[in-house]
Amino acid sequence: MSKRILILDDEPNICRSLQMILEHDGYAVTIARTIEEGRLLAARADVLLLDVRLPDGSGIDLLRQLREQENSAPAIMISGHGTIADAIEATRAGAYDFIEKPLARDKVLVTIKNALDHSTLRRENQQLREMVGAGPRMIGSSPVFLKVVEQATLAARSDARVLLMGESGTGKELLAAHIHRESPFAAGPFVKVNCAAIPSELLESELFGHEKGAFTGAVSMRRGKFELADGGTIFLDEVGDLHAGSQAKLLRVLQEGEFQRVGGEQTIRVSVRVISATNRNLQEFVAQQKFREDLYYRLCVVPVRVPALRERPQDIAPMAAYFLNDFCTRNNFHPKQIDPDVFRVLDNYSWPGNARELRNVIERMAILNSGEVLTPDTIPVEIRIGGETGPRSNLREARDSAERDHILRVLDDTNWNVSGAARTLGMERTNLHKRIRALGLHRGMRAGVS
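Just so you know, these numbers come straight off a predicted model, no measurement behind them.

What counts as what
- Think of each chain on its own: its residues are numbered from 1, step by step along the sequence as written.
- Residues qualify for local features only when their pLDDT is at least 70, as the model is predicted, and side-chain atom pairs are given and counted only at 80 or more; totals for whole chains, interfaces and linings, by contrast, use all residues.
- With hydrogens and water stripped out, all remaining heavy atoms of the structure feed into the side-chain values.
- The helix count covers DSSP runs of H or I at least four residues long, the strand count covers runs of E at least two residues long, and both are numbered beginning at the N terminus.
- The classification of residues rests on relative accessible area computed with a 1.4 Å probe and restricted to protein chains. Under 20% of the type maximum is buried, over 50% is exposed, and intermediate values are partly exposed.
- Contacts: residue pairs with any heavy atoms within 4.5 Å of one another.
- Following DSSP output, two strands are said to pair if at least two bridges run between them.
- All axes here are fitted lines through C-alpha atoms, helices being fitted over the stretch that makes contact, and every angle between N-to-C directions spans 0 to 180 degrees.
- The rule is short: rings of Phe, Tyr and Trp, with Trp giving its six-membered ring, pair when the centres are within 6.5 Å, and they are stacked under 30 degrees, edge-to-face over 60, tilted in between.
- Comment: the charge-over-ring label is applied if NZ (Lys) or CZ (Arg) is within 6 Å of the ring centre and within 35 degrees of the ring normal.
- By convention in these notes, a salt bridge is any Lys or Arg side-chain nitrogen within 4 Å of a carboxyl oxygen on Asp or Glu.

**Student:** Hey, could you run me through the environment of Pro 303 in this one?
**Tutor:** For Pro 303, the location among the structural elements is in strand E16 (residues 302–305). A relative accessible area of 44% places Pro 303 in the partly exposed class. Residue contacts for Pro 303: discarding those within four places in its chain leaves Leu 163 and Met 165.

The following block contains the structure:
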């Protein structure tokens, strides 16, 4: 079957020339002249040729919308007055390539062939990952990491509820996905819920669904996360942030295995494996009456503590290499390597943001390094200061000092906006608050002064 090419361009002559070239080479061609036409036709195309500027909008904006709708067809942007900024923006939006008009026949055909080959390779890789059950990768060979994976694998064999505990950014979601894949529920869905991100007044509807007309804005019936997870696993992330009312409703579902949609009368029964995670100390919350004791013991049948990255420094190198390869693949960068001298710095840094911070640092280095090897001079200065300190006997003190200075600088840069500082650091806001208290930081302090 011929590969299908969608051309979105408002210039008839361009469309006609491209159609002749492509059909002569055996492709099936569809033409759209507006953003709306392109949106409707894109789902049936194997490759998209999108003009950057159209009378009713931007081809780059359309590409973003298609990516949000999980349309993975490779997109080639074309423009008669493109700029470097346009090319960068298109790449960030997910474009495979950017071609300037006038369009050369050979350039168009080669780019389309390469885009199709790239798409086929990605699809085959995804199918292979699904066949072996890999999913997102958990990287590490340190004893503490392997012990956690062993605990999680043993817990997965039953339907017992698992509570994952650890700092933000340590990979609790990846571990939850591993438990799901190794469990009797693996054939069912894996449904994620971030309890901290849902307003308390909407959480009941999010978890259990609602009937049409149950409240203002409920224009149709909606199934909740528990119903969607029937036969599979529901992952309740940041469960420690649930308010008292939501805790009571969750407890009832765990006790009875049934619920009603908001505004409904029908009782719905589900068979769902529950995995929860928190960066809070729930035992302290129970003692302070901030978290229900009965709910805690329902969730914490099998507790698993996920170690911070600073507890498993030998895993930093393989994780960094994986993050770099993944970033280059997703962004169509040429493959890059990491200079061994980089790891001498990374290994000594305290990583308050854990794996999430490491990923951010590696991606920043990949963007700023034009060569094929990431060298120490592209390590962010705050990481370099924290990782070039003295012998390991003084490592804890050096790490705390470097972490204190780094967090202070970011807080000062954001005028002590903790949410903004947390985003810059790659940390959760609640975790940053804890580090601020632990390090004794306050307004008026200056980096480099203990």
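The discussion continues.
**Student:** Where do I start with the sheet that holds strand E12 (residues 233–237) in this structure?
**Tutor:** By way of backbone hydrogen bonds, the strands of a sheet pair with one another, either parallel or antiparallel. Across the sheet, five strands lie side by side as E9-E12-E15-E8-E16; this open sheet has parallel pairing. Either end of the sheet is taken by a strand with one partner, and the two such strands are strand E9 (190–194) and E16. For this sheet the average axis-to-axis angle between neighbouring strands, irrespective of direction, equals 20 degrees. Note that strand E8 (residues 162–165) and strand E15 (residues 273–278) share four bridges and pair parallel. Across the sheet, Leu 163 pairs through a bridge with Ser 276, a residue of E15.

**Student:** What is the right way to look at the packing of aromatic side chains in this model?
**Tutor:** In this description, an aromatic ring pair is defined by two values, namely the gap between the centres and the angle between the planes. All chains considered together, the criterion is met by eight aromatic pairs. What links up through ring pairs into an aromatic cluster is the set Phe 208, Phe 226 and Phe 259. One Lys or Arg, Lys 290, reaches over the ring of Phe 285 and ends 5.4 Å from the middle of that ring.

**Student:** Is there a simple way to explain the pattern of salt bridges in this structure?
**Tutor:** Summed over the entire model, instances satisfying the criterion amount to 28 salt bridges. The shortest N-O distance in the salt bridge between Lys 101 and Glu 11 comes to 3.0 Å. With a gap of 90 residues between them, Lys 101 in the loop between strand E7 (97–100) and helix H5 (105–132) and Glu 11 in the loop between strand E1 (4–8) and helix H1 (12–24) connect regions that are remote in the sequence. Classification of Lys 101 by relative accessible area gives buried; the value is 15%. Judged by its relative accessible area of 36%, Glu 11 falls in the partly exposed class. With a closest N to O distance of 3.4 Å, Arg 222 and Glu 206 form a salt bridge.

**Student:** For this particular structure, what's the right way to read helix H8 (residues 200–208)?
**Tutor:** Two residues of an α-helix separated by three or four positions point the same way, owing to the 3.6 residues in each turn. Residues of H8 that are buried include every one of Leu 203, Ser 205, Glu 206, Leu 207 and Phe 208, and no others. Two residues or fewer past H8, Gly 209 is found with a positive phi of approximately 85 degrees.

**Student:** Explanation requested: unusual backbone geometry in the structure shown.
**Tutor:** What is expected of a backbone is that most residues other than glycine have negative phi and most peptide bonds are trans. Residue Pro 102 is bonded to the preceding Lys 101 through a cis peptide linkage, with omega at 0 degrees. Assignment of secondary structure puts Pro 102 in the loop between E7 and H5. In this structure, Asn 354 takes a positive phi of about 60 degrees despite not being glycine. If you trace the backbone, Asn 354 turns up in helix H15 (residues 354–368). A residue is classified by how much of its surface remains accessible, and Asn 354, at 0% relative accessible area, is buried.

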